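# Remarks on the overall topology
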Amino acid sequence: MTTMNKQWHLVSRPSGEPTPDNFKLVEAPVPELQDGQVLVRNHFMSLDPYMRGRMNEGKSYAQPQPLNAVMQGGTVGEVVASKSAAYQVGDKVVSGGGWQQYQLADAQAQAMMRKVDTTHVPLSAYLGAVGMPGVTAWVGLMTIIEPKAGETVVVSAASGAVGAVVGQLAKAQGCRVVGLAGGPDKCKAVTDEFGFDACIDYRQHPDLKSLSAALKEACPKGIDGYFENVGGLILDAVMHRANAFSRIAMCGMIAGYNGQPIPMAAPQLILVNRMKVQGFIVSEHMQHWPQALKELGMGVASGKLKYRETVAMGIEAAPQAFIGLLKGKNFGKQLVKLI
Ligand SMILES: NC(=O)c1ccc[n+]([C@@H]2O[C@H](COP(=O)([O-])OP(=O)(O)OC[C@H]3O[C@@H](n4cnc5c(N)ncnc54)[C@H](OP(=O)(O)O)[C@@H]3O)[C@@H](O)[C@H]2O)c1
């Protein structure tokens, strides 16, 4: 019997915010399985802010998402047919299956596909706290900020997939941890669920003076480490409270992903404060993945590492959920549940 596969293609490049017209839902039969291949039924798709950057043409750290091809992205699912000795039917895998229901893959060529154990860690967590976002948090915090007990670490997009993990790891290092998030519900979760010492609702502080004052109150000893997910006004306010020899892990600048200008108001503070400001891409730090995944997996399995998920239902929901992610409509890791 022929299995049909629904997949989302990018059919035009957004200018500014993406719109549903940029995507097209395509349905096609799954091709016949060849020797060495596996067929994976995707259970969850990951929606990530970086996908917006890939929709643009132009120079970046990764190739642009091709037009009229399935949207690329992380997935978790189950092997439903296999002609590869490496995978058996029933294996749960995390891979880059893209925005589609099924992924037909050459098992040997799938460097990013790996089996996962769902005994103590839910399958979906392998796209979040025990996946790429969790490792991103670990790499930026542990290898760039290198927090020491007693220091103050600030995290933007603090209720999100990356930010919530950063804060919990920094707390475990003995730091004072302050988050920034949009709205009272997210801020409450950041302190009450994720254990940050304080959280600032940046929407209540729309100008530099007000946000700097809020940071001053929340960080009485200044800021030693900043995990940057947003850019713009938040970065400027943090720079004004930064201590000498502070470190910034430049992870993301979502405030500018739809093309908004995000100038830096006072770059001279990098010099004045002898700061380290380092950008990083998690896939270029593969040497840290095994240790990070082990620690994050133990954290989730033991219940110590907390996370939130926002789950959109059905493949049809993907574009709207993605557009919402870029506006902060998600609360924690944005997923699409396929079955
Ligand atoms: N460098 C790497 O290798 C790497 C890897 C993964 C992720 N990242 C980056 O890490 C950041 C977080 O990713 P994530 O997957 O954890 O996403 P996320 O935090 O779960 O979701 C994105 C969040 O960003 C916040 N946001 C959106 N627009 C904003 C704006 N204009 N101003 C302030 N906040 C805004 C929203 O939270 P609020 O409602 O709280 O504003 C939204 O919920 C992103 O910048 C992403 O690109 C980088």
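Residues numbered from 1 in each chain as written. Predicted model: local features only at pLDDT ≥ 70, side-chain atom pairs only at ≥ 80, totals over all residues. Heavy atoms only, no water.

### Looking at the packing of aromatic side chains
Describing an aromatic ring pair means giving the distance of the ring centres and the angle of the ring planes. Under the definition given, this model contains three aromatic pairs. Aromatic pair F23 and W99: ring centres 5.5 Å apart, planes at 15°, arrangement stacked. With F23 in strand β2 (residues 23-29) and W99 in the loop between β6 (92-95) and β7 (102-106), the pair connects residues that are 76 residues apart, well separated along the chain. Each of the two residues, F23 as well as W99, counts as buried. (Phe/Tyr/Trp six-rings, centres within 6.5 Å; stacked < 30°, edge-to-face > 60°. Helix = DSSP H or I, 4+ residues; strand = E, 2+ residues; numbered from the N terminus. Buried < 20%, exposed > 50% of the residue type's maximum accessible area, 1.4 Å probe, protein only.)

### A closer look at the domain arrangement of the chain
Taken domain by domain, the chain comprises domain 1 (4-128 + 307-337) and domain 2 (132-283). With 21 residues of domain 1 at the contact, the number on the domain 2 side is 16 residues. Here domain 1 packs against domain 2, burying approximately 1400 Å² in sum over the two surfaces, 60% of which is carbon and sulfur. At the junction of domain 1 with domain 2, the criterion picks out one salt bridge. E193 serves as the salt-bridge partner of R308, at 2.6 Å between the closest nitrogen and oxygen. Inspection of the domain 1/domain 2 interface yields five residue pairs in polar contact (both at pLDDT 80 or more). In the side of domain 1 that touches domain 2, the residues fall into 10 nonpolar, five polar and six charged. (Domains from an automatic or database assignment. Contact = heavy atoms within 4.5 Å. Buried area = accessible area lost by both parts, 1.4 Å probe. Salt bridge = Lys/Arg side-chain N within 4 Å of Asp/Glu carboxyl O. Polar contact = N/O pair within 3.5 Å; in protein donor to acceptor, adjacent residues only side chain to side chain. Nonpolar A, V, L, I, M, F, W, Y, C, P; charged D, E, K, R; others polar.)

### Focus on the packing of helix α2 (residues 132-145) against helix α3 (residues 161-172)
Two numbers describe how α2 lies on α3: the axes approach to 8 Å, and their chain directions differ by 45°. Between α2 and α3, the interaxial angle falls into the category oblique. Relative to α3, the crossing made by α2 is right-handed. Of the residues in α3, those touching α2 at P133, G134, T136, A137, W138 and L141 are A161, V162, V165, V166, L169 and A170. Its residues assigned to classes, the contact of α2 with α3 shows 10 nonpolar, two polar and no charged. (Axes fitted to C-alpha atoms, helices over the stretch in contact; angles between N-to-C directions. Parallel < 35°, antiparallel > 145°, perpendicular 65-115°, else oblique. Left-handed = near helix turned anticlockwise from the far one by under 90°.)

### Topic: the sheet that holds strand β14 (residues 276-279)
Pairing in this open sheet of six strands is parallel, and the strands run β11-β10-β9-β12-β13-β14 from one edge to the other. Two strands in the sheet have a free side with no partner beyond their single neighbour: β11 (198-201) and β14. On average, adjacent strands in this sheet sit at an angle of 15° to one another, irrespective of strand direction. Inspection of the sheet shows strand β13 (residues 242-250) paired to β14 by four bridges, in the parallel sense. Paired with A249 across the two strands is Q278, which belongs to β14. (Pairing = 2+ DSSP bridges.)

### Points about the site of the ligand
Around the ligand, 28 residues are found, and the nearest of them are V162, K186, Y202, Y257 and N330. In this structure, an oxygen atom belonging to the ligand sits 2.8 Å away from a main-chain N or O atom of V162. Measuring from an oxygen atom of the ligand, one finds a side-chain N or O atom of Y257 at 2.7 Å. In isolation the ligand exposes 900 Å². Once the protein is present, 91% of that is buried. For the shell around the ligand, a count of residues per class yields 18 nonpolar, eight polar and two charged. No fewer than three residues from each of domain 1 (4-128 + 307-337) and domain 2 (132-283) sit in the shell around the ligand. (Near = heavy atom within 4 Å. Areas by Shrake-Rupley, 256 points an atom, 1.4 Å probe, with all protein chains shown as cover.)

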